[in-house]
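Residue-level listing of the chains:
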Amino acid sequence: MSSPRRESIAELQRMRRGRPRRGWLTRSFRLQVMLLVGVLLAGMLLAQGAYLNHRKGEIISDQIGQRALAVALSVASIPELIAAFDDPDPSATIQPIAERIRRETGARYVVVGNNEGLRYSHPLPERLGKPMVGGDNDRALLHGESYVSEATGTLGEAMRGKTPVLDAEGNIIGIVSVGFMLDRVAMDVVEHTSLGWWLVALMIVLGFAGAYGLSRHLKRVILGLEPYEIARLAMEKEAILQSIHEGILAVNREGQITLVNQQARRFLGLPPVHAVVGQPIQDIVPNSRLLEVMERGEHQFDQDMWLGDHPVVVNRVPIHHAGEVEGAVATFRSRREIVELSNALNAASRDVDMLRAQAHEFSNKLYTISGMLQLGRIEDAIALIHQESAHQQAQMTFLMKHVGDPVVSGTLLGKLTRARELGVKLEIDEQSSLVEPLTVTGQEVLMTVIGNLLDNACHAALQGDRHAEEGPRVRLFFTDLGEQLLIEVEDNGPGVPHEHVEAIFQEGFSTKPGKHHGIGLALVSRLCRENGGAITLEESELGGACFIAVLDRSLCRSPSAGAGPAAATGQTMNRT
């Protein structure tokens, strides 16, 4: 388990210890689960056991009744017993036969009577010749039926099998009654069903044990929390998601929306949540790129894009579970405040760089002028002052005349000063022009493209032949004439080796020593692609490398467009 997760579980457990105490039943999820599952299982087993044992008891009783009837039929068919009905003393023959069969079958009694119901056999000899008791002989004596009945006789309540005794002509001459006492039947039923009840009891015990194990497992799965705590955390999470300033949009592995908060709905202009959740992301936000994130399983951080006329910064993260991607989440926040702050910081940074470079440069020139004055060469000192002033004025005049955007002008002025400080001669082609003002996106894109290309060119020029008479040189050309913006930067450095031409625009690749390099050209290449253009590498006329960046003219503000970013709607933008 990862450290952040352990810390989260520890925090949840501290919250649990600090929660108010509740009733003994409502405060224990484990006890509730164990009782619910255990009682439900016990009720089902008891109901099933009662039904099965009842049916088993009925079957056993029925079998005993059928046994009594079978014995009665066997006795009624004995020839010696039938012939004894014609003897002067039938009991002398019938009584021994009936008693022997009674002992062999385990019956309580085997009674044989004549057609008037007088006994010829009985377990108690003193009751021979007396009428049979029970009142259930008519079906056999009058109708000749064989049947099973329950009645109370002289020995008690019994289950009886009764059948008529027929002579050779088929006349009813008597009746046989075989009985098993009901208390003995009940004992047999209990004896045969007791094992079933023991099994039911064992299953109930095992059921409670399983319920206890299930409750422990569920408690571990929910991090030891109680249901009301989970409900409270869910409500808190929902409140947080709806109140934070960032928009949040989540999808499952099928690409269906599972979560969208209020800020995301406001950014995207979506209908109520119930009308959005469960819908395919491609139907609601076609350019979300969440399906691409799930397909590749890669994180995308700080990606800039436009939602309508609103610039946002987007983070897209896949959701992994058991090594598979189960969905993705996108968070985005408004970029207008970030853009304004970034512009202010960039302007301040440019001013600081220019002031620092100018302070360093003019410090040297002041020392030079001071030396000339001390040597008495006043005219030379004045000429140097006028020369420097004319140079600065010429640069400012050129930028004001040929560059219509103040942000790009400031960037170029800062790079000119920085190049002088580094000892690099930065030349701007006289044919360069950028007369159309730029959109907010265009200002950021051109500031990034020109800045990175000039920085790389100055660094390359300093790596060139230091003994060359002309020294490190960089040349810049730009124009907005035609359908595209064109920026060309070349230097007199060593150039790009042939084996590095394909990799030079890949992020992380750099020929510079040390870390934190290989970002600038990759960023420029991505910006060009995302803004309808491209960047190419050629051999420079100065002897080094020549980078040509082409951008779509939509970065320029059209004459009818306002000053806001709406003119760049739908354009994807990126910044360092």
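The sections below set out a description of the structure shown in this document. (Residues numbered from 1 in each chain as written. Predicted model: local features only at pLDDT ≥ 70, side-chain atom pairs only at ≥ 80, totals over all residues. Heavy atoms only, no water.)

**Quick look at the pairing of strand β2 (residues 147-153)**
- The two faces of β2 differ: Y147, S149, A151 and G153 on one face are buried, but V148, E150 and T152 on the other face are not.
- Pairing between β2 and strand β3 (residues 156-166): 7 bridges, direction antiparallel. Along β3, the bridge assignment pairs A151 with A158.
- From the end of β2 to the start of β3, which pair antiparallel, there are 2 residues. (Buried < 20%, exposed > 50% of the residue type's maximum accessible area, 1.4 Å probe, protein only. Helix = DSSP H or I, 4+ residues; strand = E, 2+ residues; numbered from the N terminus. Pairing = 2+ DSSP bridges.)

**Quick word on the sheet that holds β2**
- Strand order in the open sheet made by the 4 strands is β1-β4-β3-β2, with antiparallel pairing throughout. Every other strand in the sheet has two partners, leaving β1 (109-114) and β2 as the edge strands with one partner each. This sheet shows a mean twist of 30° between the axes of neighbouring strands, independent of strand direction.
- Strand direction decides the pairing type here: β1 and strand β4 (residues 172-181), joined by 6 bridges, are antiparallel. Bridge pairing links V110 to V178 in β4.
- The sheet contacts of helix α6 (residues 182-221) involve β2, β3 and β4, and relative to β4 the element is tilted by about 50°. (Axes fitted to C-alpha atoms, helices over the stretch in contact; angles between N-to-C directions. Contact = heavy atoms within 4.5 Å.)

**Observations regarding the environment of A140**
- Checked against the element boundaries, A140 lands in helix α5 (residues 138-143).
- Look at A140 and you get buried, because its relative accessible area is 0%.
- For the pair A140 and S177, spaced 37 residues apart in sequence, the C-alpha separation works out to 9.9 Å.

**Quick notes on the packing of helix α14 (residues 406-422) against helix α15 (residues 440-462)**
- Two elements in contact, α14 and α15, have axes whose closest approach is 10 Å; the angle formed by their N-to-C orientations is 15°. One finds that α14 runs roughly parallel with respect to α15. Of the two possible hands of crossing, α14 and α15 adopt the one that is right-handed. Between α14 and α15, the contacting residues are V407, V408, T411, L412, K415, A419 and L422 on the first element and Q443, L446, M447, I450, G451, L454, D455, C458 and L462 on the second.
- By residue class, the composition of the contact of α14 with α15 is 11 nonpolar, 3 polar and 2 charged. (Parallel < 35°, antiparallel > 145°, perpendicular 65-115°, else oblique. Left-handed = near helix turned anticlockwise from the far one by under 90°. Nonpolar A, V, L, I, M, F, W, Y, C, P; charged D, E, K, R; others polar.)

**Let's talk about the pattern of salt bridges**
- Here the structure, examined in full by the defined rule, presents 16 salt bridges.
- For R253, the salt bridge identified is with E324, shortest N-O distance 3.6 Å. Residue R253 is located in the loop between β5 (247-252) and β6 (257-260), and its partner E324 is located in strand β9 (residues 324-334); the two are separated by 71 residues in the primary sequence.
- R475 is the salt-bridge partner of E541, the closest N and O atoms lying 3.8 Å from each other. (Salt bridge = Lys/Arg side-chain N within 4 Å of Asp/Glu carboxyl O.)

**Topic: the side chain of Q300**
- Tracing the sequence through the fold places Q300 in strand β7 (residues 300-307).
- Ignoring any residue separated from it by four or fewer positions in sequence, one finds Q300 in contact with R289, E292, V293, V314, N315 and R316.

**Details of the environment of P131**
- Secondary-structure assignment places P131 in the loop between β1 and α5.
- Residue class for P131 comes out exposed when judged on its relative accessible area of 52%.
- Not counting chain neighbours up to four residues away, the residues in contact with P131 comprise G117, L118 and R119.

**Topic: the nonpolar core**
- In this structure, L412, L446, L453, V474 and I487 are the most contacted members of the largest nonpolar core, which totals 43 residues.
- Among the secondary structure elements, those contributing two or more residues to this core are α13 (378-402), α14, β10 (425-428), α15, β11 (473-479), β12 (484-491), α16 (520-530) and β14 (545-552).
- Ranked by the residues each element gives to this core, the list is headed by α15, at 10 residues.
- Excluding its chain neighbours within four sequence positions, the residues that come into contact with L453 are I487, V489, L521, V524, I535, F547 and A549.
- Grouped together as the second largest cluster of nonpolar side chains are 28 residues, V71, V75, I78 and L182 included. (Core = buried A, V, L, I, M, F, W, Y, C linked by side-chain atoms within 4.5 Å.)

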